[in-house]
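Per-entry structural report
Each chain is listed here by its residues.
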Amino acid sequence: MLAVNSVSTLLNYLLEQLGQTPTSEEIGLFMIQISEDLVLDSEEDISNKEPITEKRLSTKESGKDEKEVKDTKVAPLYLTELQMEINQLSFNPDEDSFQSGISETIQRFQESVLSVKNLVPDTYFDAFTRPIINNKFEEKTCGDGPGLKSMFDDDNHLQNLVLQTKETVTTAFQTANLYSETFEHFREFYKENEATDLEIIKKEQHDVEFFREALNRYNRQYKMAELVPLDRAIGMLKVDTKAAKELLLPSPMRCLDAINELLPILARAEVDRLVEESQDAEYKLLQVPQSTIDFVNSLTFLDQIQQRIEPLEKEAETVKEMYELIDSFKVPTPPEDIAIYQTLFPSIDRSKNAIDKALAERDGNIDKFCTSLDKDVGDLNKEVKEVK
């Protein structure tokens, strides 16, 4: 009876713990998500875009305040750690370890009962087991007394309680496994990030869309990892997620650091190229031709730069998008790079003004070119005559 009561008490407490287990719908709301199309600007930081968590939803929907909900809950009995690996999520201790512990606890209950000495063989009780009748000890007819071990094995009620106790642990881990599924997208991006060769990325050519998507993705992943709680009460179990969080946080940051390093370098290189090209164009257009060949070069370059200025402006817009990303995502950039970038569009404007000026002077320069050419032809004829 003592063993039965002990197992029954344990079962009742475990069932009380299971009563605090959230539903599958509530566990689904534990999933941490941030919008895929997250866009940052200088006035809005990613930290302001927190997902709606189950805790806030459940308290609002139930009409109870958070303090009242906490007071009605029983603290989880057991602690297990969620372990994240490249290819799987697991618990430590796992269900088998807890089942083994429960079995050992019940075994200890039985051993406590079995430790009580069987009183039947004790000679102290011979007066009851071998009474003296007619001055003669009677034979002991009760044998050696009951075998408690066999009684435990044959007690169907006790075995049913043991089975129910183990089933509560199984149910608890089924719920914990359901909760671990809310970390599956974390494991997937962790696996993808760990497989990313950042050195190859640094050597490849990338467009603005690549940087926009990468900055958005890795910033989003980092903020999601920051929002992972250190632990979560799931009925009977408290799931410790501290180690998983510590594993997750460096993963997107490692990739983000590579992107943050690459983007300013590429943007600066494009700015230098475009500024140099526009300044070179302005210089050539403002030069006053002195000879026939100067007129040829000037007029030829004017035709070329007219074709080039529109693509150059489009490339400058691409660079502008790069620096908008740098500003929006707070990518560390040397101040001198920003200062040089601010000269890009004024430099292009000066080139366009020089083009307009050159076009206005084009007809006059053609006349001067013809005059210079006629003079060169005359000089050449004179030299030919002198040779003859």
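Every value quoted in this text rests on a predicted model; they were computed, and no experiment measured them.

Rules used in this analysis
- The residue numbering used here restarts from 1 in each chain and proceeds along that chain's sequence as written.
- In view of the model being predicted, local features appear only for residues whose pLDDT reaches at least 70, and side-chain atom pairs are presented and counted only at 80 or more, with totals across whole chains, interfaces and linings using the full set of residues.
- Excluding hydrogens and water, the side-chain values take into account all heavy atoms of the structure.
- Only the stretch in contact is used when a helix axis is fitted, and all axes are lines through C-alpha atoms; the angle between N-to-C directions ranges over 0 to 180 degrees.
- Every helix listed is a DSSP run of H or I at least four residues long, and every strand listed is a run of E at least two residues long, numbered separately from the N terminus.
- Here the angle decides the label: under 35 degrees means roughly parallel, over 145 means roughly antiparallel, 65 to 115 means roughly perpendicular, and every other value means oblique.
- Crossing handedness follows the turn of the near helix against the far one: under a right angle anticlockwise gives a left-handed crossing, and clockwise gives a right-handed one.
- Only heavy atoms matter for contacts: two residues are in contact if any of them lie within 4.5 Å across the pair.
- The classification used treats Ala, Val, Leu, Ile, Met, Phe, Trp, Tyr, Cys and Pro as nonpolar, Asp, Glu, Lys and Arg as charged, and all other residues, Gly among them, as polar.
- When a carboxyl oxygen of Asp or Glu is within 4 Å of a side-chain nitrogen of Lys or Arg, the pair counts as a salt bridge.
- Of the grid points, spaced at 1 Å and generated over the protein atoms alone, those admitting a 1.4 Å probe that cannot get out make up cavities, while open sets with protein on both sides within 12 Å along at least five of seven lines make up pockets; any residue with an atom within 4 Å of a point is treated as lining.
- Grid points are joined across faces, edges and corners, and a volume is the space filled by probe spheres set on the points.
- What is meant by a nonpolar core is a set of buried Ala, Val, Leu, Ile, Met, Phe, Trp, Tyr and Cys residues, joined one to another through side-chain atoms within 4.5 Å.
- Note on classification: 1.4 Å probe, protein chains only; a residue is buried when its accessible area is under 20% of the maximum for its type, exposed when over 50%, partly exposed between these limits.
- Paired strands, in this sense, are two strands between which DSSP finds at least two bridges.

**Here we look at the packing of helix 13 (residues 250-286) against helix 16 (residues 344-360)**
For the pair helix 13 and helix 16, the least separation of the axes is 9 Å and the interaxial angle reads 25°. Judged by the inter-axis angle, helix 13 sits roughly parallel to helix 16. Between helix 13 and helix 16 the crossing geometry is left-handed. Residue-level contacts link Leu-274, Val-275, Ser-278, Gln-279, Ala-281, Glu-282, Leu-285 and Leu-286 of helix 13 to Leu-344, Ser-347, Ile-348, Arg-350, Ser-351, Ala-354, Ile-355, Lys-357 and Ala-358 of helix 16. In the contact of helix 13 with helix 16, the residues fall into ten nonpolar, four polar and three charged.

**Some words on the pattern of salt bridges**
Under the counting rule described, the total for this entry stands at 20 salt bridges. The residue Lys-223 makes a salt bridge to Glu-226 at a minimum N-O spacing of 2.6 Å. Placement of the pair is Lys-223 and Glu-226 together in helix 11 (residues 208-226), with a separation of three residues, close to one helical turn. One salt bridge in this structure joins Glu-270 and Arg-273, with 2.8 Å as the shortest N-O distance. In this pair, Glu-270 and Arg-273 both sit in helix 13, three residues apart, roughly one turn of the helix. Connected via shared salt-bridge partners are Glu-270, Arg-273, Glu-277, Arg-308 and Glu-315.

**Looking at the layout of surface pockets**
Of the volumes computed, that of the second largest pocket is approximately 190 Å³. In terms of lining, the second largest pocket is formed by 15 residues, of which the most central are Gln-287, Val-288, Pro-289, Glu-361 and Asn-365. When contributions to the lining of the second largest pocket are tallied by element, the ones reaching two or more residues are helix 13, helix 14 (292-328), helix 16 and helix 17 (362-387). The element that contributes the greatest number of residues to the lining of the second largest pocket is helix 14, accounting for four residues. For the lining of the second largest pocket, the residue count by class is eight nonpolar, three polar and four charged.

**Here's the deal with the nonpolar core**
Ranked by internal contacts, the top residues of the largest apolar core, which has 39 residues, are Leu-215, Leu-263, Leu-285 and Leu-344. Looking at this core, the elements that each hand over two or more residues are helix 10 (198-203), helix 11, helix 13, helix 14 and helix 16. The element best represented in this core is helix 13, accounting for 13 residues. Once residues lying within four places of it in the same chain are set aside, the contact partners of Leu-344 are Leu-274, Val-275, Ala-316 and Val-319. Judged by nonpolar contacts, the second largest core, of 38 residues, contains Ile-27, Ala-172, Ile-234 and Met-236.

**A closer look at the pairing of strand 1 (residues 78-84)**
Of the pairings in the sheet, the one linking strand 1 to strand 4 (residues 237-240) comprises four bridges and is parallel in character. Bridge pairing links Glu-81 to Asp-240 in strand 4. Here strand 1 folds back onto strand 2 (residues 89-92), and the loop between the two strands holds four residues.

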